[in-house]
Amino acid sequence: MASAMRNYQRTALFPALIFFFLMAMISCTSEPPTPKDLSKENLIPKPVSLTATGSSFRLTENTGIYVQTPSDGSNELTQLGQYLADLLKPATGFPLPVNATREAPSAGNIYLALSAGDAELGEEGYELEVTESLVKLSANTPAGLFRGLQTIRQLLPPAIESKKVQPGPWEIASGAIRDYPAYVHRGAMLDVSRHFFGVDDVKRYIDLLAFYKLNVLHLHLSDDQGWRIEIKSWPNLTAHGGSTEVGGGEGGYYTQEQYADIVQYAQARYITLIPEIDMPGHTNAALASYAVLNCDGKATELYTGIEVGFSTLCTDKDTTYKFIDDVIRELSALTPGPYIHIGGDESHVTRKDDYIYFINKVQDIVRSHGKQMIGWDEITLASLNPGSVAQFWANADNAKAAVEQGVKLIMSPAKKTYLDMQYDSTTALGLHWAAYVEVDSAYIWDPATYVKGVSKENILGVESPLWTETITNMDEIEYMAFPRLAGHAEIGWTPAAERNWEEYKVRLGRHEARFNAMRVAFYPSPLIPWEEEASGDQ
Ligand code: TNX
């Protein structure tokens, strides 16, 4: 009986063993990977230059992620390797261990290395070389490596974004990519004042920005309807001023700890946070919280409507500047980036002379805390320092005034980049005071020629604001931002001569499977040839 049992085990075991070895051989790259054409991949933003070599690298359960041993003992590259491993693990189910190494690793692995001194690649460029045996990513800086990791991610099948194990195979087309951005500032703005969005929503938005190689998140932290950042020296700003939002909901705010957590999350994705406190207009939440900020000494009522241009700080009161100094001091301490945004838009009830006096004074306050001031294009009425930056949204004369003052511009033309503009007259969310902005219109423009008299050297970059008077949850954010923001990301990254709507819309269509795998609630524009299933070399 015992020996019969043993025989039975042996016969059952044998085919199982053969099967196991066969499977192991297949996945151990003994079978050549599928030929793939790198030039047919659907990268957004489109890389500056690319050469295909017609083969592919296959990621297997034996693949390791190797990072160059740092000369300075920093663990930044290991963190980048870990970021990549964490991205690839859920869908592949592979262990993907991260190790430091002094030399390029053996076949079958991914290698991240710094190679300083390539001036053309700059701060954020990268070089990617893919052969059948190795994926090598190099850059001058960790930020450049991070941007390159997004390329690796987009070169894998869309199912890589799934949170559950998928069948694969996980192949990356072979060849070389050399890539760097056209503009240093590629951003999105989120209005968390009109409606409040919690830390997890902001983190998800940061991840989506990172996917398209954006590097700035501008948070609009205060407006008439709500004050959203804790200021310890003026606690009623959030206790009262943060207690509601458009439509009368309960609002909310970030404690300084929560805000620091957002900053750090963004930093790990090489995204700089720019905090905005809008002033002297758009200040009702502050005016309702502190009577002393009002010229007549009386606190206003909280506001939950969507009118603009009715509030102003009292520009000739010392207390106003003491208040601003406190706010900017606390905010600067929370801000590793160089900029503080002071709004400055639509101050319709501030006299022009008072407005100019105010902006000049606030510029000095921002500078006294070691930061550079950004403001909406109206601030060019004041005398700006060369380090200050104007954000163009509507007024071409203001943009030209910036150029005359030697001040750089961020381009956010409302007719092209405002993510709260409706796609067309049937869009249920959003406004249309500037235009209906379909996906083609959002893509077909060039920041360097958009305003006569403003050229590329006057421009820091492109930013897409999402005002949230009508936007109440993350799905709605995603619906308005995607896919337009992907096009804006390409405008900020890819040279103008390389951009073409007819070609772009096909590439974008092939991102549908990625949007679905990432559960992005995008707007399925009828102008895009969407492809739910990845096709061909995609
Ligand atoms: C104009 S653009 C504003 C915002 C509104 C937006 C709505 C700008 C600097 N100010 O206060 O939310 O329009 O589209």
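What counts, and where the lines are drawn
- Residues numbered from 1 in each chain as written.
- Predicted model: local features only at pLDDT ≥ 70, side-chain atom pairs only at ≥ 80, totals over all residues.
- Heavy atoms only, no water.
- Pairing = 2+ DSSP bridges.
- Helix = DSSP H or I, 4+ residues; strand = E, 2+ residues; numbered from the N terminus.
- Axes fitted to C-alpha atoms, helices over the stretch in contact; angles between N-to-C directions.
- Contact = heavy atoms within 4.5 Å.
- Polar contact = N/O pair within 3.5 Å; in protein donor to acceptor, adjacent residues only side chain to side chain.
- Phe/Tyr/Trp six-rings, centres within 6.5 Å; stacked < 30°, edge-to-face > 60°.
- Lys NZ or Arg CZ within 6 Å of the ring centre and 35° of its normal.
- Near = heavy atom within 4 Å.
- Areas by Shrake-Rupley, 256 points an atom, 1.4 Å probe, with all protein chains shown as cover.
- Salt bridge = Lys/Arg side-chain N within 4 Å of Asp/Glu carboxyl O.
- Buried < 20%, exposed > 50% of the residue type's maximum accessible area, 1.4 Å probe, protein only.
- Domains from an automatic or database assignment.
- Buried area = accessible area lost by both parts, 1.4 Å probe.
- Nonpolar A, V, L, I, M, F, W, Y, C, P; charged D, E, K, R; others polar.
- Parallel < 35°, antiparallel > 145°, perpendicular 65-115°, else oblique.
- Left-handed = near helix turned anticlockwise from the far one by under 90°.
- pLDDT = per-residue confidence, 0-100.

Caption draft 1: Structural detail: the sheet that holds strand 4 (residues 109–114). Pairing is mixed in the open sheet, where seven strands are placed in the order 1-7-5-6-4-2-3. Lying at the two open borders of the sheet, with one neighbouring strand each, are strand 1 (49–59) and strand 3 (98–101). For this sheet, the mean angle separating the axes of adjacent strands, direction not counted, is 25°. Pairing of strand 4 with strand 6 (residues 134–139), which is carried by six bridges, proceeds in the parallel orientation. Opposite Leu114, over in strand 6, you have Ala139 as the bridge partner. Across the sheet, helix 2 (residues 76–92) lies against strand 1, strand 2 (65–68), strand 3, strand 4 and strand 7 (170–179), angled at about 170° from strand 2, the strand it touches most.

Caption draft 2: Here's a closer look at the environment of Glu469. Mapping Glu469 onto the fold places it in the loop between strand 17 (459–466) and helix 14 (474–481). Along the chain, Glu469 and Gly344 lie 125 residues apart, while their C-alpha atoms are 19 Å from each other. With residues near it in sequence (within four places) discarded, Glu469 still touches Arg194, His195, Val246, Ile306, Asp420 and Leu431. Looking at Glu469, its side chain comes within polar contact range of the side chain of Arg194, at 3.4 Å.

Caption draft 3: Quick peek at the packing of aromatic side chains. Per the stated rule, a full pass over the model turns up 27 aromatic pairs. Between Tyr303 and Phe310 the ring centres are 4.7 Å apart and the planes differ by 65°, which places this aromatic pair in the edge-to-face class. The structure contains a cluster of three or more aromatic residues connected by ring pairs, namely Phe211, Tyr212, Phe482, Phe515, Phe522 and Trp530. Its end group placed over the ring of Tyr321, Lys361 keeps NZ or CZ at 4.8 Å from the ring centre.

Caption draft 4: Up close: the site of the ligand. Within the structure, the ligand sits among 13 residues, and Arg194, Tyr418, Asp420, Trp433 and Glu469 are positioned closest to it. A distance of 2.9 Å is found between a nitrogen atom of the ligand and a side-chain nitrogen or oxygen belonging to Asp345. At 2.6 Å, a side-chain N or O of Asp420 approaches an oxygen atom of the ligand. Relative to its unbound accessible surface of 370 Å², the ligand loses 98% to contact with the protein.

Caption draft 5: Fine view of the pattern of salt bridges. Scanning all chains against the criterion turns up 30 salt bridges. The residue Arg58 makes a salt bridge to Glu171 at a minimum N-O spacing of 3.1 Å. You can see Arg58 sitting in strand 1 and its partner Glu171 sitting in strand 7, a full 113 residues away along the chain. Judged by relative accessible area, Arg58 falls into the buried class, the value being 11%. Its salt-bridge partner being Asp325, residue Arg329 comes within 3.1 Å of it at the nearest N-O pair. Of this pair, Arg329 and Asp325 both sit in helix 8 (residues 318–333), four residues apart, which is roughly one turn of that helix.

Caption draft 6: Up close: the domain arrangement of the protein chain. The domain boundaries assigned to the protein chain delineate domain 1 (38–179) and domain 2 (185–517). Relative to domain 2, the C-alpha centre of domain 1 lies at a distance of 33 Å. Between domain 1 and domain 2, the residue contacts involve 27 residues of the former and 26 residues of the latter. Across the domain 1/domain 2 interface, buried area totals approximately 2400 Å², and carbon plus sulfur atoms make up 57% of it. If you look at where domain 1 meets domain 2, you find three salt bridges. Between Glu124 and Arg186 there is a salt bridge, with the nearest N and O atoms lying 2.9 Å from each other. Breaking the side of domain 1 that touches domain 2 down by element, the ones donating at least two residues are helix 2 and helix 3 (142–155). Looking at which element gives the most residues to the side of domain 1 that touches domain 2, the answer is helix 3, with eight residues. Of the residues that constitute the side of domain 1 that touches domain 2, the class distribution is 14 nonpolar, five polar and eight charged.

Caption draft 7: Geometry of the packing of helix 2 against helix 3. In contact at an axis separation of 11 Å, helix 2 and helix 3 are set at 15° when each is read in the N-to-C sense. In terms of orientation, helix 2 and helix 3 fall into the roughly parallel class. As helix 2 packs across helix 3, the resulting crossing turns out to be right-handed. Between helix 2 and helix 3, the residues in contact are Glu76, Leu77, Leu80, Tyr83, Leu84 and Leu87 and Pro142, Leu145, Phe146, Leu149, Gln150 and Arg153, respectively. Along the lines of polarity and charge, the residues of the contact of helix 2 with helix 3 split into nine nonpolar, one polar and two charged.

Caption draft 8: Structural view of the confidence of the model for the protein chain. Looking at the protein chain, the pLDDT average stands at 94 and 93% of residues meet or exceed 70. The model gives residues 1–8 a pLDDT under 50, and that stretch makes zero contacts with residues more than four places away or in other chains. Contacts for the low-pLDDT stretch residues 22–29, under 50 throughout, to residues beyond four places or in other chains number eight contacts.

Caption draft 9: Structural context of the pairing of strand 17. For strand 17, the tally of buried residues reaches eight of eight residues, placing the bulk of the element in the interior. Note: strand 8 (residues 185–191) against strand 17, six bridges, orientation parallel. Bridge pairing links Met189 to Pro465 in strand 17.

Caption draft 10: View of the side chain of Asn284. Tracing the backbone shows Asn284 in helix 7 (residues 284–289). Excluding anything up to four places from it in sequence, Asn284 contacts Asp223, Asp224, Thr300, Glu301, Leu302, Tyr303, Phe310 and Ser311.

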